[in-house]
Amino acid sequence: MGVTEPSTWTYLMDMDGVLVHEEHMVPGADEFVAALRENGIPFMVFTNNSIYTPRDLRARLLRSGLDIPEEAIWTSALATAQFLEQQRPGGSAFVVGESGLTTALHNIGYVLTDRDPDYVILGETRTYSFEAITKAIRLVENGARFIATNPDEKGPSREGTLPATGAVAALIERVTGRAPYYVGKPNPLMMRSALRHLGVHSENTLMIGDRMDTDVRSGLESGLQTILVLSGISDQDTAELFPYRPTKVVRSIADLRDHVTDPFQA
Ligand SMILES: O=C(CO)COP(=O)(O)O
Ligand SMILES: [Mg+2]
């Protein structure tokens, strides 16, 4: 499909499976980011991973070899806090997650408590505890609104699949009969907040991701061009399993490093 290349693109880049696998950089990702910088192309890391604050995530990415400014990092934790600040300012929540989520909620003035909270908020962590999940279940049963940062049921790593927020949300939903509201990709809320944050329009913005059901769908439904990479969750057959298609499929972000001004001509 012919894509009209705008004078310059803005890049929204998924993180896990595109730029890194946990703490390991995807080969060539540093050269890709350097090419964006050399061409003065605006970009944002746009991740459903709610574990880290932008400050911690910048430090983590830097150690992996990627120099990403804090202000170019937008996570599902930040999107969730922005959503709740609009929904119920000064609210309270019981949180199952890490500092990326608790810090974002504290920054909007939320009280974190297990005593009659307005919300139960489930985020990404690598240390889900049976006790915390049980508490979350009981609070949802008692009427707390159930929110989850992202629907990803798994994440990629060099060692193999990692269970993720969506899988734990499914456990809580199975026990309580209450489905969570997911704020992260593909919810248009998260995309709109990123485009607003960047001050750009969908026509000259593209989304690069490793998942069809979060990254590509999120971009597609917001009018962006989309690129699926095969370095994360998806393989060469994945795109065919979905009713919709990405604009382009590449093996990894390294394949784009020499075409950042015209990614669809290559
Ligand atoms: O955290 C995730 C699932 O583990 C997904 O993060 P990304 O949106 O960066 O791929
Ligand atoms: Mg990903």
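To keep things clear, this report deals only with the structure shown in the data block. All values reported here derive from a predicted model rather than from experimental measurement.

Attention now goes to the site of ligand 1. Near ligand 1 you find 13 residues, and of these D14, D16, T47, N48 and K185 are the closest. With respect to ligand 1, the side chain of D14 contributes an N or O atom lying 2.6 Å from an oxygen atom. Alone, ligand 1 offers 310 Å² of accessible surface; in the complex the protein occludes 97% of this. Of the residues belonging to the shell around ligand 1, the class tally is two nonpolar, four polar and seven charged. Counting the residues that make up the shell around ligand 1, at least three belong to each of domain 1 (10–48 + 185–265) and domain 2 (77–182).

The next point concerns the packing of aromatic side chains. Per the stated rule, a full pass over the model turns up five aromatic pairs. Between W9 and F264 the ring centres are 5.4 Å apart and the planes differ by 65°, which places this aromatic pair in the edge-to-face class. Taken as a pair, W9 in the segment before β1 (10–13) and F264 in the segment after β15 (248–250) lie far apart in primary sequence, 255 residues in all. Here W9 matches F264 in class, with each residue buried. For the ring pair F83 and Y181, a centre distance of 5.2 Å and an interplane angle of 35° mean the geometry is tilted. Taken together, the positions of F83 in helix α3 (residues 76–87) and Y181 in strand β12 (residues 181–182) put the pair 98 residues apart, joining distant regions of the chain. Classification of Y181 as partly exposed rests on a relative accessible area of 36%.

The subject of this paragraph is the pairing of strand β8 (residues 119–122). Residue alternation in β8 divides its side chains into two sets, Y119 and I121 and V120 and L122, and both sets are buried. Summarising the sheet, strand β6 (residues 92–96) and β8 pair through four bridges and their orientation is parallel. If you follow A93 over to β8, its bridge partner there is Y119. Here β8 pairs with strand β9 (residues 145–148) via four bridges, running parallel. Paired with Y119 across the strands is R145, a residue of β9.

Along the chain, the position of A169 falls in helix α6 (residues 165–176). In this structure A169 comes out as buried when scored by relative accessible area, which is 0%. In the structure, A169 is positioned 20 residues away from T149 in sequence and 9.8 Å away in space, judged by C-alpha atoms. Beyond its immediate sequence surroundings of up to four residues, A169 is in contact with L122, F146, P180 and Y182.

Pairing in this open sheet of six strands is parallel, and the strands run β5-β4-β1-β13-β14-β15 from one edge to the other. If you trace the sheet from one side to the other, it starts and ends with β5 (73–75) and β15, each paired once. Averaged over all adjacent pairs, the angle separating strand axes in this sheet is 25°, with direction ignored. Pairing geometry for strand β14 (residues 225–229) and β15, over three bridges, is parallel. Each bridged residue has a counterpart across the sheet, and for I227 the counterpart in β15 is K248.

So, on to the coordination of the magnesium ion (ligand 2). Geometry reference: four tetrahedral donors at a metal, ideal angle 109.5 degrees. Six octahedral donors, ideal angles 90 or 180 degrees. The protein atoms that coordinate the magnesium ion (ligand 2) are D14 (OD), D16 (O) and D210 (OD), at distances spanning 2.0 to 2.1 Å. Ordering the donors of the magnesium ion (ligand 2) by residue number gives the pattern D-x1-D-x193-D.

Buried residues of helix α7 (residues 188–198): M190, M191, S193, A194 and L195, and no others. In the core, the buried residues of α7 are packed alongside β1, β4 (43–47), β5, α3, β13 (205–209) and α8 (212–220). The backbone nitrogen of L189 lies 2.8 Å from a side-chain oxygen of the residue at the head of α7, namely N187. Positive backbone phi, at 70°, marks G199, one or two positions downstream of α7.

Rules used in this analysis
Residues numbered from 1 in each chain as written. Chains lettered and ligands numbered in written order. Predicted model: local features only at pLDDT ≥ 70, side-chain atom pairs only at ≥ 80, totals over all residues. Heavy atoms only, no water. Near = heavy atom within 4 Å. Polar contact = N/O pair within 3.5 Å; in protein donor to acceptor, adjacent residues only side chain to side chain. Areas by Shrake-Rupley, 256 points an atom, 1.4 Å probe, with all protein chains shown as cover. Nonpolar A, V, L, I, M, F, W, Y, C, P; charged D, E, K, R; others polar. Domains from an automatic or database assignment. Phe/Tyr/Trp six-rings, centres within 6.5 Å; stacked < 30°, edge-to-face > 60°. Helix = DSSP H or I, 4+ residues; strand = E, 2+ residues; numbered from the N terminus. Buried < 20%, exposed > 50% of the residue type's maximum accessible area, 1.4 Å probe, protein only. Pairing = 2+ DSSP bridges. Contact = heavy atoms within 4.5 Å. Axes fitted to C-alpha atoms, helices over the stretch in contact; angles between N-to-C directions. Donors = N, O, S within 2.8 Å, 3.2 Å for Na, K, Ca; no water.

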